[in-house]
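Letter by letter, the chains look like this.
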Amino acid sequence: NAFSCAALAVTTYNVTVNPLPAPAIAGPSPVCVNTTQTYTTAGGMSNYLWTVSAGGTITAGGTTTSDFVTVTWNTAAPQTVSVNYTDGNGCTAAAATVNNITVNPRPTPTLTGTASVCQFSTSHIYTTQAGQFNYNWVIPAGATVTAGGTATSNTVTLTWNTLGPKTITVNYDNAFGCNSLTAASFNVTVNPLPAPTITGPASVCLNSTGNIYTTEAGQTNYVWTVPTGGAITAGGGSADGFVTVTWNTVGPHTVNVNHNNAFGCA
C-alpha cells in the first residue's frame, strides 16, 4: 500500500466461467409445401430469438418466451429455421443455430379420357401421370372398374352402366412423398342408347311391292337388314330412315334396323 506494506495473505476471488449455450432445433425436414410444422428447442430459457426464412410464415410460438415455433411453409425451396436464447447463466450463443429445411413441391395431377360415352359401353381408359406413388382413384357409382384403378396404376378402365353426369378423381404422391391438395377430376356424361322402332305393314301378300317400313328420322348410320324372301327396292341405306320391300316368298319374315342417336350411341 502507500506505506509499502503488503497483506500477510493473498486475497482470492473465485470466478466461474460458464460455457455458451449451443441451441438445438428439433423438427421435420424434408416437408411438403403448404404444410404446417412445429420446431422446438430447449425449454426454460429466456430471450428466445426465432427467425424463419422468407418462404415460411410463423403461425404460433416464435416469441421471446417460446421454446417452439410453428411454421406454414409457403414456398417449395430450401428454407431455414434459426434460434438463439439466453440460458440460466445469462449466456447467449455467439451465433444462432440454423436448421436447413427442404420444402418439396406438390404434384399437379391431370386426367385424360373420353368425356362423352354411351351407356353400357366398355373399355374406356382414363389416365394420369405415370411413375408416381399411392394412386388414389375415386370412381363414381354407376361405373365398373375392369382394369387398373389400384394404388400402383396410373390408369383405370371403366364400363359405364348408368346414365347422367359422372366424375372421376385421382390423387397420388410424387417422388418426394407429397400429394396434391386438390385431386384431379374429370367429368363424364353417360348418354342413353337409342331404342329403334319400326312401323309398316305386318301382313302382306306374296309379291306385293312398295311395302314401306320406317324408323326414327334424323338419326345416323342406319343399318337395315331384310332376310331372304324380301327384296329392298328403295331406301335401306346408312342415311335412310326407311326401307321399301317387295316380299317374294310366303311365310314369316322380319325387318331389322339399328342406328346411332344424336349422342353417337347405337
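Here, every reference points to the structure presented above.
Residues numbered from 1 in each chain as written. Predicted model: local features only at pLDDT ≥ 70, side-chain atom pairs only at ≥ 80, totals over all residues. Heavy atoms only, no water.

Asks: So what exactly am I meant to see when it comes to the state of the cysteines here?
Replies: Any covalent bond linking the sulfur atoms of two cysteines counts as a disulfide. Overall, the coordinates contain two disulfides when judged by the stated rule. Disulfide pairing is shown between Cys32 and Cys178; the S-S distance is 2.0 Å. One disulfide, between Cys32 and Cys178, carries an S-S torsion of -95° and so falls in the left-handed class. One end of the pair, Cys32, is in strand S1 (residues 31–32); the other, Cys178, is in the loop between strand S13 (164–173) and strand S14 (184–191), with 146 residues separating them in the sequence. Take Cys32: its relative accessible area is 14%, and that puts it in the buried class. Its relative accessible area of 0% is what places Cys178 among the buried residues. In this model Cys118 forms its disulfide with Cys265; the gap between the sulfur atoms is 2.0 Å. Every disulfide takes its handedness from the sign of the S-S torsion; for Cys118 and Cys265 that torsion is -95°, giving left-handed. (Disulfide = S-S within 2.5 Å. Helix = DSSP H or I, 4+ residues; strand = E, 2+ residues; numbered from the N terminus. Buried < 20%, exposed > 50% of the residue type's maximum accessible area, 1.4 Å probe, protein only.)

Asks: Sorry if this is basic, but what is going on with the side chain of Thr159 here?
Replies: Position of Thr159 among the secondary structure elements: in strand S12 (residues 155–160). What Thr159 contacts, discounting residues up to four positions off in sequence, is Phe120, Ser121, Thr122, Ser123, Gly142, Ala143, Thr144 and Thr146. (Contact = heavy atoms within 4.5 Å.)

Asks: Please clarify how the layout of surface pockets should be interpreted in this entry.
Replies: By volume, the largest pocket is sized at about 220 Å³. Lining the largest pocket are 15 residues, and of these Ala202, Val204, Trp247, Gly251 and His253 lie nearest its centre. Classifying every residue of the lining of the largest pocket by side-chain character gives 10 nonpolar, five polar and no charged. (1 Å grid on protein atoms, 1.4 Å probe; cavity = no way out; pocket = protein on both sides within 12 Å on 5 of 7 lines; lining within 4 Å. Points joined across faces, edges and corners; volume = space filled by probe spheres on them. Nonpolar A, V, L, I, M, F, W, Y, C, P; charged D, E, K, R; others polar.)

Asks: Just to check I follow, could you spell out the nonpolar core for this structure?
Replies: Burial of nonpolar side chains together is a common tendency in soluble globular proteins. Membership of the largest hydrophobic core comes to 16 residues, with the highest contact counts inside it found for Leu111, Tyr126, Trp137, Leu158, Trp160, Ile168 and Val188. No other element matches S14, which puts four residues into this core. Once residues lying within four places of it in the same chain are set aside, the contact partners of Val188 are Thr114, Ala115, Val117, Tyr126, Trp160, Gly164, Pro165, Lys166 and Ile168. Listed in part, the 15 residues of the second largest apolar core include Val31, Tyr39, Tyr48 and Trp50. (Core = buried A, V, L, I, M, F, W, Y, C linked by side-chain atoms within 4.5 Å.)

Asks: Please explain the sheet that holds strand S2 (residues 36–40) as it appears in this structure.
Replies: Within a sheet, neighbouring strands are paired by backbone hydrogen bonds and run either parallel or antiparallel to one another. Ordered by their spatial adjacency, three strands build an open sheet running S2-S5-S4, and the pairing between neighbours is antiparallel. Where the open sheet ends on each side, the last strands, each with one partner, are S2 and strand S4 (56–61). Going from strand to strand, the sheet's axes swing by 30° on average, the running direction of each strand aside. (Pairing = 2+ DSSP bridges. Axes fitted to C-alpha atoms, helices over the stretch in contact; angles between N-to-C directions.)

Asks: Whenever I open this one, the pairing of strand S18 (residues 242–247) confuses me. Can you help?
Replies: Successive side chains on a regular strand alternate, one facing one side of the sheet and the next facing the other. Where burial is concerned, most of S18 is hidden: five out of the six residues are buried. Pairing of strand S15 (residues 211–214) with S18 involves four bridges; the strand directions are antiparallel. What sits directly across from Tyr213, in S18, is Val243. Pairing of strand S17 (residues 230–235) with S18, which is carried by five bridges, proceeds in the antiparallel orientation. Residue Ala231 lies in a different strand from S18, and its bridge partner there is Thr246. In textbook terms, the turn of a hairpin is the stretch between consecutive antiparallel strands, and for S17 and S18 this stretch comprises six residues, one of which, Gly236, has a positive phi near 80°.

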